[in-house]
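A closer look at the structure
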Amino acid sequence: MIITEQKDIPEILESLRPFTNIFITGCGECAAACRTGGEEEVKQMAEVLRDNGFKVTGSTVIEEACHVLLTKRAYREHAKEIEASDAVLVMSCGAGVQATALVLDIPAIPALNSLFLGDTLRFGQFEEYCSMCGQCVLATTGGVCPVTRCPKGLLNGPCGGVDNNGMCEVDRTRKCAWIEIYERLKETGRIENLKKIVPPKDFSRSRHPSKRDIRKTRNVR
Amino acid sequence: MLGKNFIITAELQPPKGPDISRFIEKARLLKQEVHALNVTDNQRATLRLSSVAGCVILEREGITPVLQMTCRDRNRLAIQADLLGAHALGIRHVLAITGDDISAGDHKEAKQVFDLDSIQLISMISGLNKGLSSSGTQLKGRTEFITGAVVNPFSIPEELNLLRFDKKISAGAKFFQTQAVYDIEGFKKFMDKVANRGVKILAGILLLKSSRMAHFINKNVPGVTVPGNLIEEIENSKDPLMKGMEIAANIIRELKGVSDGVHIMAMGMEEMIPGILEMV
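Let us look at the structure shown here. (Residues numbered from 1 in each chain as written. Chains lettered and ligands numbered in written order. Predicted model: local features only at pLDDT ≥ 70, side-chain atom pairs only at ≥ 80, totals over all residues. Heavy atoms only, no water.)

Residues and elements named next belong to chain B. With respect to burial, strand S8 (residues 261-265) is a largely interior element, five of its five residues being buried. In S8, alternate side chains face the same way, and those of Gly261, His263 and Met265 on one face and Val262 and Ile264 on the other are all buried. Of the strand pairs in this sheet, strand S7 (residues 200-206) and S8 are connected by five bridges, and their pairing is parallel. Bridging from a neighbouring strand, Gly204 pairs with His263 of S8. (Buried < 20%, exposed > 50% of the residue type's maximum accessible area, 1.4 Å probe, protein only. Helix = DSSP H or I, 4+ residues; strand = E, 2+ residues; numbered from the N terminus. Pairing = 2+ DSSP bridges.)

Given below as structure tokens:
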């Protein structure tokens, strides 16, 4: 899931300053789960905007705000309110903001900052385990990603910054990813994995912007 | 440098600005005292004059430089370009290190690179020595770098530490400069474990300037412990710096015959190094 945080209200108000009539869009997927763009947050944001002198023309929570066709359909259903708006405040990740920007002629203004692809540890608690590098190494690292969970993305073991308790020098509250990898590989008899020199990563796999078209591919090839 | 009986190297930090007068003064002071001087590479992720330039200045002074190269600030293209340039300017010794995290320094908002890790960097230098770039393209000529790496003799888990140590050797490391050593017995055990690897190991000597610094190290530097009795000695001394120098000299004396040499880190007090070596 894409983890988002709400921007500070003054920043949002500053972005909206050129406009008067605002439509608010939330997202029923990730932003709802992050409590940054669900029904409740959209409602609260509407109040804030009204308190600050804006006219809220309407609002919606799109099932999946990054889905261009769903987004288009949602705005069609709110055609009148959109017609009366100068801008849309989008309470979703950057992908959702851009879907709105793509389908509407009026400006799409972000209300959130997109942070990372997160695992949900429990409700409301997220951690970044995957950074979508396009070259998954988890088969050899005991199911713990060093690309993401080591701040330096080291591929051949820990740096000198791991302390005697196995904690990371960058964040002493966090266990060194490589200590975790070492322990897991040891437990499962796969310590051999650590003896091979892992060559430099192919960063061309994670270059931006990426695209993918699976319309002509089918299942497992 | 590696041919010496007991190799003595020291660390010299380039200035935090364009004024190189102090840097040259210190270098001249150390010229007759050490076999080579390491020039640090934006250490602690803090901006300083480039290590390549620092090494060239030492070369001009007739001192063998060890070029410290981290993976934090440059991608593989920039590192190779700098290494080829350094080689053309006469630099032969390189110390390959991962580098401190950008959050440790004075440019916390900068983008950190880590395109490579230290082991991949060592392999890449071995490639340059064969006339090959990291992407496998043929270079015009080949470098003659002697590659060094770092190791912390006290890092745990030991199995993982030794695995990485051996990977550095198989990648092409010929010498090691270690994290600070205060525990001689522990260091001897480490030396026994890594015997017969065909590499030179220079034990790190970190000059203690005050008891405060010792406490700071114990709290903040992973895998380095300044023993309580040494801290006490410094606390009870009228001249803590002099005491720190004595401690450093004692450690060096005890390491003769144990390690292949020492690497002295005086943390800005390089002018004290001749005094330390005098005591030895």
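What follows deals with the packing of helix H8 (residues 228-235) of chain B against helix H9 (residues 240-255) of chain B. All names here are of chain B. Contact geometry for H8 and H9: axes closest at 8 Å, N-to-C directions at 145°. Between H8, through Leu230, Glu233 and Ile234, and H9, the contact on the second element is made entirely by Pro240, Lys243 and Ile247. Taken together, the residues that form the contact of H8 with H9 break down as four nonpolar, no polar and two charged. (Axes fitted to C-alpha atoms, helices over the stretch in contact; angles between N-to-C directions. Contact = heavy atoms within 4.5 Å. Nonpolar A, V, L, I, M, F, W, Y, C, P; charged D, E, K, R; others polar.)

Each partner contributes to the interface: chain A provides 30 residues, whereas chain B provides 26 residues. Surface buried jointly by chain A and chain B totals about 2,300 Å² across both partners, of which 56% is contributed by carbon and sulfur atoms. Taken together, chain A and chain B are joined by one salt bridge. With a closest N to O distance of 2.9 Å, Lys186 of chain A and Glu159 of chain B form a salt bridge. Our enumeration of links across chain A and chain B arrives at 14 residue pairs in polar contact (both at pLDDT 80 or more). Of the residues belonging to the side of chain A that touches chain B, the class tally is 17 nonpolar, five polar and eight charged. (Buried area = accessible area lost by both parts, 1.4 Å probe. Salt bridge = Lys/Arg side-chain N within 4 Å of Asp/Glu carboxyl O. Polar contact = N/O pair within 3.5 Å; in protein donor to acceptor, adjacent residues only side chain to side chain.)

Okay, the sheet that holds strand S6 (residues 175-180) of chain B next. Residues and elements named next belong to chain B. Strand order in the closed barrel formed by eight strands is S1-S2-S3-S4-S5-S6-S7-S8, and the pairing between neighbours is parallel. For this sheet, the mean inter-axis angle between neighbouring strands, taken without regard to orientation, is 25°. With four bridges connecting them, strand S1 (residues 7-12) and S8 associate as parallel partners. Of the residues in S8, the one forming a bridge with Ile7 is Gly261.

So, about helix H4 (residues 118-129) of chain B. Residues and elements named next belong to chain B. Taking 1.5 Å of rise per residue, twelve residues should cover 16 Å, and H4 covers 17 Å from first to last C-alpha, within 8% of that figure. For H4, the tally of buried residues reaches ten of twelve residues, placing the bulk of the element in the interior. Ser118, Ile119, Gln120, Leu121, Ile122, Met124, Ile125, Ser126, Gly127 and Leu128 are the residues of H4 that are buried. The elements touched by buried residues of H4 are strand S3 (65-70), helix H3 (76-88), strand S4 (93-97), strand S5 (146-151) and helix H5 (158-171). Where H4 begins, the side chain of Asp117 points an oxygen toward the backbone nitrogen of Ile119, at a separation of 3.1 Å. Trailing H4 by a residue or two, Gly131 shows a phi angle of about 85°, which is positive. (Expected span 1.5 Å × (residues − 1).)

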